[in-house]
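Coordinate inspection notes
This is what each chain is made of:
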Amino acid sequence: MEGLQYLASGFASALTPANLAFALAGCVLGTLIGVLPGLGPAAGTAILIPLTFTLDATGAIIMLAAIYYGAMYGGTITSVLINVPGEAASVVTCLDGYQMARQGRAGAALGIAAIGSFVGGVFAAAALVMVAPPLARFALSFGPPEFFALMFLGLCLVTGLAGQSLAAALLMTVLGLLLALIGIDPVRGAPRFTFGIPELYDGLGFVPVVMGLFGVAEILLVVEAPFRRLVETKLSGLWPSAEEWKRSGGAIGRGTAIGFFLGLIPGVGAVIPTFMAYILEKRLSKHPERFGTGAIEGVAAPETANNAYANASMIPLLVLGVPSSPTIAILMGAFIINGLTPGPFLFKERPDLVWTVIASFFVGNVILLVLNLPLVGLWARLLRLPYQYLCAGTLLFCIVGAYSLKGTLFDVGVMLVFGIIGYLLRKLGFPLAPAVLALILGPFMEKSLRTSLEMSAGDFGIFVTRPISAALLACAALILAVSALRLAALKSIRGGGS
Amino acid sequence: MPQTRGWQAALAVLLAVFAFFAFESLRLSLRDALGPGPGFFPFWLSVAGGFLGVVLFVQVSRGRMGFETPTLTFELRPVALVLAGLVVATAFLEAIGFRLAMLLLLPYLLFVLGVRNWLAMGLFSLAGSFGVYHVFSGLLKVPLP
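Residues numbered from 1 in each chain as written. Chains lettered and ligands numbered in written order. Predicted model: local features only at pLDDT ≥ 70, side-chain atom pairs only at ≥ 80, totals over all residues.

Considerations on the overall build of chain A
In terms of regular secondary structure, chain A is built from 21 helices and two strands. When its C-alpha atoms are laid out on the principal axes, chain A stretches across 70 × 60 × 45 Å. Looking at the 498 residues of chain A, the share that counts as buried comes to 62%. Counted over contacts in chain A with a minimum sequence separation of 6, partners at least 24 positions apart contribute 80%. (Helix = DSSP H or I, 4+ residues; strand = E, 2+ residues; numbered from the N terminus. Buried ≥ 20, exposed ≤ 12 C-beta atoms within 10 Å, placed from the backbone. Contact = placed C-beta atoms within 7 Å.)

This is the structure we're talking about:
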């Protein structure tokens, strides 16, 4: 009930013309990012941060969050129409969505995806309203050891699920943490690893680094192997038939549940919920042979799970201050740029902002539904944009974004250097997600660790004698052990098969 | 280039980075009167990174990584040309201003990527230079050089 009262005041603020305009702009830009192949939600959100510099904190976060979930939906359009996923989470939608398009049912596929996304997003936002206040109150009892253990657990979850080598994922985590420590030591004020360069005293800018790793690196990979347009299909009626509605109802419900629960776990990523939802539908179906040939449940379930995941993944960020994916880490960076630290204290200190942002999730989902059903033809036409213009435009926005952060060329240089690093690491297959999350969590982790050790006069026992901290660290150790065993089992299966 | 060679080179660079961080951390204090010093966290992270780097290096060298594709293929020409354009434009961004720098960079990028429609290139470059400057500097009040 307490959440509903706050939500009512949040709606009053989210429905002001200015905030509605920010949500609308975010949804439009996000869908555009999702539609354009080669530009994922992380890169898109990062390069559009400069657009929010002149906005107040609430408007900026509303717009960036809308860009995020808009991009998650936008990827569906390309998956269905040209068999090219706009972002990784839409890969599974290609299986049946494109087949439906080839049978002249592209409209129904996109229609059910929009409706499923709406249901999943609204349910996850409603659950956020219920879950957030008690969880935030509980997290207020956390001290530095608990916060350190929580962030450590978050990193272990991301690391454990990233890539095919646990050691490589851990290595990227350590690298991200070290890069996060460049700058003035927050506790003693001593400069560290700055080479006497004044621009490094504030640390490496998170936005230029992320723009480099995701934006510039992405474009370098695209220019190396340009994507080609595949068969284009015509768009017809958006409304599914009665039979298709009947088949989609259960899939939407199950997709919502899967997306929501997996969204609560940092590191899962949007791909796993979509595949799980698809596999579950196939298992439950009386005609599993239809999957892959244009089954509407194969579109409804993963698309619903995708959007439920996108909205639910805001819960760990807003309530605990732990980002669950690179895109959410970029959103956390936007909070920090605006002088806000996500977590339980934000609920206490800025309830006006938090609840306006939460209310904007509902508003944004409605906007996405309204935007995507009638305007899907317009989005489809954007697919004709040649990739060369997309690449040049993206690089232009990267330069604008990196420069406008502090008005120095240094950040543009940082972006280019990390663009090259990101390109090489991605070519080799090193996972970047752990490095990005570590980069944003690094300063908070160090501060929590050192404050904890100051509290205990240097005794590491403080982390295991406090029950919550000990439980969180035990979970982290368990996750790392399970991940190592899972990867070892996978390797032995592959070894046996070859 | 074989994947193994690429990973070995990358790991060698990373090991050098961790060695640098460890060395620099030792120059800062690991402990002081209040507890852990500025070098404490980065030093132990560097040690952990170095250990992981060595473990991976050994795994890769023994062929235990199980790469999906055994070779790395690079199309370096377009990548190098795009990067060169970005570096030059960045170097001259403040000297000649955003509008002129982008007016030169955008047609260059489009040309490198294979566009030969001069009218479209011109219109895109004008929109990307003067248009974007007007939107960011004029409307959004984001300062650009």
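Focus: the overall build of chain B
The secondary structure content of chain B amounts to five helices and two strands. Along its sequence from the N terminus, chain B presents helices and strands in the succession α-β-β-α-α-α-α. In terms of overall size, chain B is more extended than a compact globule, its C-alpha atoms giving a radius of gyration of 24 Å where 145 residues would be expected to give roughly 15 Å. The burial tally for chain B puts 32% of its 145 residues in the buried class. Across chain B, the fraction of contacts at a sequence separation of at least 24, relative to all contacts at a separation of at least 6, is 55%. (Rg over C-alpha atoms; globule rule 2.2 N^0.38 Å.)

A word on the domain arrangement of chain B
Many authors give the size of an interface as the accessible area that is lost as the parts come together. Domain boundaries assigned for chain B yield domain 1 (3–61) and domain 2 (76–139). Using only C-alpha atoms to locate each centre, domain 1 of chain B and domain 2 of chain B end up separated by 39 Å. (Domains from an automatic or database assignment.)

Observations regarding the interface of chain A and chain B
Contacts between the two partners involve 50 residues from chain A, matched on the other side by 52 residues from chain B. Where the side of chain A that touches chain B is concerned, the elements lending two or more residues are helix H8 (166–180), helix H9 (206–224), helix H17 (387–406), helix H18 (409–428), helix H19 (433–455) and helix H21 (467–497) of chain A. In terms of residues, the side of chain A that touches chain B owes the most to one element, H17 of chain A, which gives ten residues. When its residues are assigned to classes, the side of chain A that touches chain B shows 32 nonpolar, eight polar and ten charged. (Nonpolar A, V, L, I, M, F, W, Y, C, P; charged D, E, K, R; others polar.)

A few points about H9 of chain A
Residue and element names in this part refer to chain A. Over its 19 residues, H9 runs 26 Å from end to end, which matches the ideal 27 Å to within 8%, given 1.5 Å per residue. The largest bend in H9 amounts to roughly 35° and is located at Gly212. Of all 19 residues in H9, 17 are buried; the element is thus mostly enclosed. (Expected span 1.5 Å × (residues − 1). Bend = angle between axes of the 7 residues up to and from the residue.)

Quick notes on the confidence of the model for chain A
Of the residues in chain A, 93% reach a pLDDT of 70 or more, and the chain-wide mean stands at 84. Within chain A, H18 of chain A carries the highest mean pLDDT (93), whereas helix H3 (residues 41–48) of chain A carries the lowest (80). (pLDDT = per-residue confidence, 0-100.)

Observations regarding unusual backbone geometry
All names here are of chain A. We note that Phe195 has phi near 55°; this positive angle belongs to a residue other than glycine. With respect to the helices and strands, the residue Phe195 is situated in the loop between strand E2 (191–192) and H9. Owing to 8 C-beta atoms within 10 Å, Phe195 belongs among the exposed residues under this scheme. Here Ala457, not a glycine, exhibits a phi torsion of approximately 55°, which is positive. Assignment of secondary structure puts Ala457 in the loop between H19 and helix H20 (462–465).

A word on the environment of Thr4 of chain B
Mapped onto the secondary structure, Thr4 of chain B falls in helix H1 (residues 3–27). Among the residues examined, Thr4 of chain B registers 17 C-beta atoms within 10 Å and is labelled partly exposed.

Some thoughts on H8 of chain A
The terminal C-alpha atoms of H8 of chain A lie 21 Å apart, and with 15 residues this matches the ideal 21 Å at 1.5 Å per residue to within 8%. The buried fraction of H8 of chain A amounts to 15 of the 15 residues, a majority that puts the element mostly inside the structure.

A short note on the packing of helix H11 (residues 271–284) of chain A against helix H12 (residues 297–312) of chain A
Residues and elements named next belong to chain A. It is the contact of H11 with H12, at a shortest axis distance of 8 Å, that shows an interaxial angle of 145°. In this structure, H11 crosses over H12, and the sense of that crossing is right-handed. Together, Pro273, Thr274, Ala277, Tyr278 and Glu281 of H11 and Glu297, Gly298, Ala301, Pro302, Thr304, Ala305, Asn306 and Tyr309 of H12 make up the contact between the two elements. Counted by class, the contact of H11 with H12 contains seven nonpolar, four polar and two charged residues. (Axes fitted to C-alpha atoms, helices over the stretch in contact; angles between N-to-C directions. Left-handed = near helix turned anticlockwise from the far one by under 90°.)

Some points on the environment of Ala14 of chain A
All names here are of chain A. Relative to the assigned elements, Ala14 resides in helix H1 (residues 2–14). Distance from Ala14 to Met211, taken between C-alpha atoms, is 29 Å for residues 197 residues apart in sequence. Setting aside anything within four residues of it in sequence, one finds Ala14 in contact with Asn19, Thr356, Ala359, Ser360 and Val363.

Observations regarding the confidence of the model for chain B
Residues and elements named next belong to chain B. For chain B, the mean per-residue pLDDT works out to 90, and 100% of the residues sit at or above 70. The secondary-structure element of chain B with the lowest mean pLDDT is strand E1 (residues 31–32), recorded at 80, while helix H4 (residues 98–112) shows the highest, at 95. Interface scoring of the predicted complex returns ipTM 0.94; its pTM is 0.82.

Some remarks on the packing of H17 of chain A against helix H5 (residues 118–139) of chain B
Closest axis-to-axis distance for the H17 of chain A/H5 of chain B pair is 12 Å, and the angle between their directions is 30°. By the angle class used here, H17 of chain A and H5 of chain B are roughly parallel. The chirality of how H17 of chain A crosses H5 of chain B is right-handed. Residue-level inspection shows Tyr389, Gly393, Leu396, Val400 and Ser404 of chain A of H17 of chain A in contact with H5 of chain B, the latter providing Phe124, Gly128, Val132 and Phe136 of chain B. Of the residues contributing to the contact of H17 of chain A with H5 of chain B, the split by class is six nonpolar, three polar and no charged. (Parallel < 35°, antiparallel > 145°, perpendicular 65-115°, else oblique.)

With respect to the environment of Leu150 of chain A
Residue and element names in this part refer to chain A. Counting through the fold element by element, Leu150 comes out in helix H7 (residues 144–161). Residues Leu150 and Val92, spaced 58 residues apart in sequence, show a C-alpha to C-alpha distance of 32 Å. Residues contacting Leu150, with those up to four places away along its chain left out, are Leu320, Val322 and Leu472.

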